[in-house]
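Survey of secondary and tertiary structure
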Amino acid sequence: MAIVHGFALFMILLGIPFFISGTIGLLRLPDIYTRLHALTKADNLGLGLIILGLILEAKDLATIARLLFIWFLVLTASSASCHLIANTALKNKITPWKRP
Amino acid sequence: MDGSMARPALHKYFGQRVLPRLILFELLWLVLAGTSPQSIMISLPVVIVATIASLILAPTLRYPISPLPLIRSLPLFLFLSLVSGFDVMKRVFHPDLPIRPGLISYHTRLPHGPPLALLLNCISLLPGTISADYRDSCILVHTIDTEQPAEKVIKKLEDRIGEIFRVDPASGGAL
């Protein structure tokens, strides 16, 4: 049991740096499109790892189903809203940043 | 007379389109929010609004999904999601910020509707790409590194999605 707890803790701790890199990306990257890259991808992986850690600690199947649902819904919502934001930015003629 | 003619059609519409969605959304709510009476009371209007929205946005689900290719593709989706998270981390923590962003266009032969929607959504989960626009079967993709072979990964994904929806992207799909 101690191994499972340790592995769960490891997964949750592993997820945190991805959330941080999403935020670092938001601050460092030059335009709306590149920031979308950082926020969607890094946070998705961070959430995935934290959910995995929490599943290992879950007491019953209902909790596991709930956690998986949350992950799936966030994944779907984040990729759909990523597309919508990029699409709206293009329609408003925001030119993507290019390396000079 | 008119009323009695329309009734069977209405029953069919309710039974085949409305009822399954109502049940699905209510189940989703119960799994997420639990089964306390207050929660169920709040769920009723939300589920009805969600059902109406889904009937407007996706009136029919014409594409049957084959479960086996879907299950076989899950490891690929998860792996790509993992790679793209690491890719972002590597770039944003690097002192030089190694990005060469740009727009590329990708020609897809997947038919409109669920297969295309799934591809557009999945592109945003791939390493270094987000789908920005779609016009005349061309997807405009924003890539964080124009020197990365994005087309190859998108092609692979397109083939998998074709298998899931039983359409052949190479032959022009179900059209």
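The model shown is predicted, which means the values in this text are computed figures rather than measured ones.

Let us now look at the pattern of salt bridges. Residue and element names in this part refer to chain B. Considering all chains together, one arrives at 8 salt bridges over all chains under this definition. Salt-bridge contacts for Arg 100 lead to Glu 147; the nearest nitrogen and oxygen are separated by 3.3 Å. With Arg 100 in the loop between α3 (67–93) and β1 (102–107) and Glu 147 in the loop between β3 (138–143) and α5 (150–164), the pair connects residues that are 47 residues apart, well separated along the chain. Classification of Glu 147 by relative accessible area gives exposed; the value is 60%.

In this structure, Pro 45 of chain B sits in helix α2 (residues 37–57). Considered as a pair, Pro 45 of chain B and Arg 7 of chain B are 38 residues apart in the sequence and their alpha carbons are 25 Å apart.

This part takes up the domain arrangement of chain B. Split into domains, chain B comes out as domain 1 (2–57) and domain 2 (67–171). When each unit is reduced to the centre of its C-alpha atoms, the spacing between domain 1 of chain B and domain 2 of chain B is 33 Å.

Taken as a whole, the largest pocket encloses approximately 2,000 Å³ of empty space. Forming the boundary of the largest pocket are 42 residues, of which Phe 72 and Thr 76 of chain A together with Ile 65, Leu 118 and Asn 121 of chain B lie nearest the centre. Its residues assigned to classes, the lining of the largest pocket comprises 31 nonpolar, 8 polar and 3 charged. Each of domain 1 (2–57) and domain 2 (67–171) of chain B accounts for three or more of the residues forming the lining of the largest pocket. Put simply, the parts of the chain that give the lining of the second largest pocket at least two residues each are α2 (32–57) and α3 (61–91) of chain A together with α3 of chain B. For the lining of the second largest pocket, the element with the highest residue contribution is α2 of chain A, accounting for 7 residues.

Conventions we followed
- Residues numbered from 1 in each chain as written.
- Chains lettered and ligands numbered in written order.
- Predicted model: local features only at pLDDT ≥ 70, side-chain atom pairs only at ≥ 80, totals over all residues.
- Heavy atoms only, no water.
- Salt bridge = Lys/Arg side-chain N within 4 Å of Asp/Glu carboxyl O.
- Helix = DSSP H or I, 4+ residues; strand = E, 2+ residues; numbered from the N terminus.
- Buried < 20%, exposed > 50% of the residue type's maximum accessible area, 1.4 Å probe, protein only.
- Domains from an automatic or database assignment.
- 1 Å grid on protein atoms, 1.4 Å probe; cavity = no way out; pocket = protein on both sides within 12 Å on 5 of 7 lines; lining within 4 Å.
- Points joined across faces, edges and corners; volume = space filled by probe spheres on them.
- Nonpolar A, V, L, I, M, F, W, Y, C, P; charged D, E, K, R; others polar.

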